[in-house]
Amino acid sequence: MMQRLLFILFLLFLFMLEGTVMQWLVPDVWGANWTVVPAFSLVMVVLISFYFPGHQGIAYGSVLGLMHDLTFGHVIGAYLFSFTLAAYFTEQMAKQYRRHSVLVVVATLVALTMQLFVIYGLYSLFDITQMGWNWMVYRLLVPSLLFNVLFTIVLLRPLKRWLAKMGASVEE
């Protein structure tokens, strides 16, 4: 129980980190012509979806997605939908394949790509963004994927140990 509470506090810490400190460290603030979208919460949703049984990832994805909508979003439900969709996709992938660290990184790549495309598509549909397709892919998607996959790779082993303490199935 205590491990679960600490884990939820860690998720809240990552959520606050991506909205505060990371906004000062992204390259476009310092004059670069590309940007990074830190998605630590989504990476954690992918890990939860991959390693925990049942639909815990979908539940965490829904809550964190709604928190993103209320804090950063322009449309209520966009992040809720994209996080939940990414969690569902990851759960289905975890059911089909062996749980290996490489597959977790691939699932993270696919989930991040899916989430960014859903948000871009919804924001384009409702005319919230005027960002062009090429600009989004080359100056936002690729740097964001590289940054968040690096985050996943760095934290995967310690997080797997922690998730195992909470009863997750992390064998390879």
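In this report, the structure presented in the accompanying data block is examined. Here, residues in each chain are numbered from 1, in the same order as that chain's written sequence. Since the coordinates come from a predicted model, pLDDT governs what is reported: local features require at least 70, and pairs of side-chain atoms require 80 or more to be given and counted, while whole-chain, interface and lining totals use all residues. The basis for every side-chain value is the complete set of heavy atoms in the structure, and neither hydrogens nor water enter the calculation.

## Brief notes about the overall build of the protein chain
To keep things clear, this is the line we draw: Labels follow the DSSP assignment, with helices taken as runs of H or I lasting at least four residues and strands as runs of E lasting at least two, numbered in each case from the N terminus. Within these notes, the globule rule equals 2.2 Å times the number of residues to the 0.38 power, and the radius of gyration is based on C-alpha atoms. We call a residue buried when its accessible area falls under 20% of the maximum for its residue type, exposed when it is over 50%, and partly exposed in between, using a 1.4 Å probe and counting protein chains only. Methods summary: accessible areas were calculated by the Shrake-Rupley approach with a probe of 1.4 Å, and residue burial reflects only the protein chains presented. A positive count includes Lys and Arg, and a negative count includes Asp and Glu. His and the chain ends are not counted in either. Charged side chains are reduced to one point each, which is NZ for Lys, CZ for Arg, CG for Asp and CD for Glu.
When helices and strands are tallied, the protein chain shows 7 helices and 0 strands. Rg of the C-alpha trace for the protein chain: 16 Å, near the compact-globule value of 16 Å for 172 residues, within the 12% margin. Over its C-alpha atoms, taken along the principal directions, the protein chain stretches across nearly 45 × 30 × 30 Å. By the burial criterion, 45% of the 172 residues in the protein chain qualify as buried. Carbon and sulfur atoms make up 70% of the accessible area of the protein chain, which amounts to about 9000 Å² in all. If you average the places of the 9 positive and of the 7 negative side-chain charges in the protein chain, the two averages end up 14 Å apart.

## Focus: a nonpolar patch on the surface
Selection criterion: Only residues whose relative accessible area exceeds 30% and that form no salt bridge are eligible for patches; like-charged ones are grouped when within 9 Å, while nonpolar side chains (Val, Leu, Ile, Met, Phe, Trp, Tyr) are grouped when within 5 Å. Whenever a carboxyl oxygen of Asp or Glu lies within 4 Å of a side-chain nitrogen of Lys or Arg, that contact is scored as a salt bridge.
A contiguous nonpolar surface patch, about 530 Å² in accessible area, is contributed by Met2, Leu5, Leu6, Ile8, Leu9 and Leu12. As for its placement among the helices and strands, Ile8 is situated in helix H1 (residues 2-19).

## Considerations on the packing of aromatic side chains
Under the convention used in this document: The aromatic pairing rule takes the rings of Phe, Tyr and Trp, using the six-membered ring of Trp, and pairs them if the centres are within 6.5 Å, calling planes under 30 degrees apart stacked, those over 60 edge-to-face and the rest tilted. Charges are assigned to positions over rings by a cutoff of 6 Å between ring centre and Lys NZ or Arg CZ, combined with an angular limit of 35 degrees from the ring normal.
Per the counting criterion, the structure on display carries 10 aromatic pairs. Between Phe10 and Trp162, the ring centres sit 5.4 Å apart and the planes meet at 65°, which makes this aromatic pair edge-to-face. Of this pair, Phe10 sits in helix H1 while Trp162 sits in helix H7 (residues 133-165), and the two are 152 residues apart along the sequence. Ring plane angle 15° and centroid distance 5.2 Å describe the contact between Phe117 and Trp133, whose orientation is recorded as stacked. A residue pair is termed long-range when its members are at least 10 positions apart, and Phe117 in helix H6 (residues 101-125) and Trp133 in helix H7 qualify at 16 residues. Joined through ring pairs, the aromatic side chains of Phe7, Phe10, Tyr60 and Trp162 make up one cluster. If you follow Arg4 out to its NZ or CZ, it ends over the ring of Phe52, 4.9 Å from the centre.

## Focus on unusual backbone geometry
The phi angle of most residues is negative, glycine excepted, and most peptide bonds adopt the trans form. The backbone of Asp127 sits at a positive phi, close to 60°, despite the residue not being glycine. On the secondary structure map, Asp127 appears in the loop between H6 and H7. Among the residues examined, Asp127 registers a relative accessible area of 55% and is labelled exposed.

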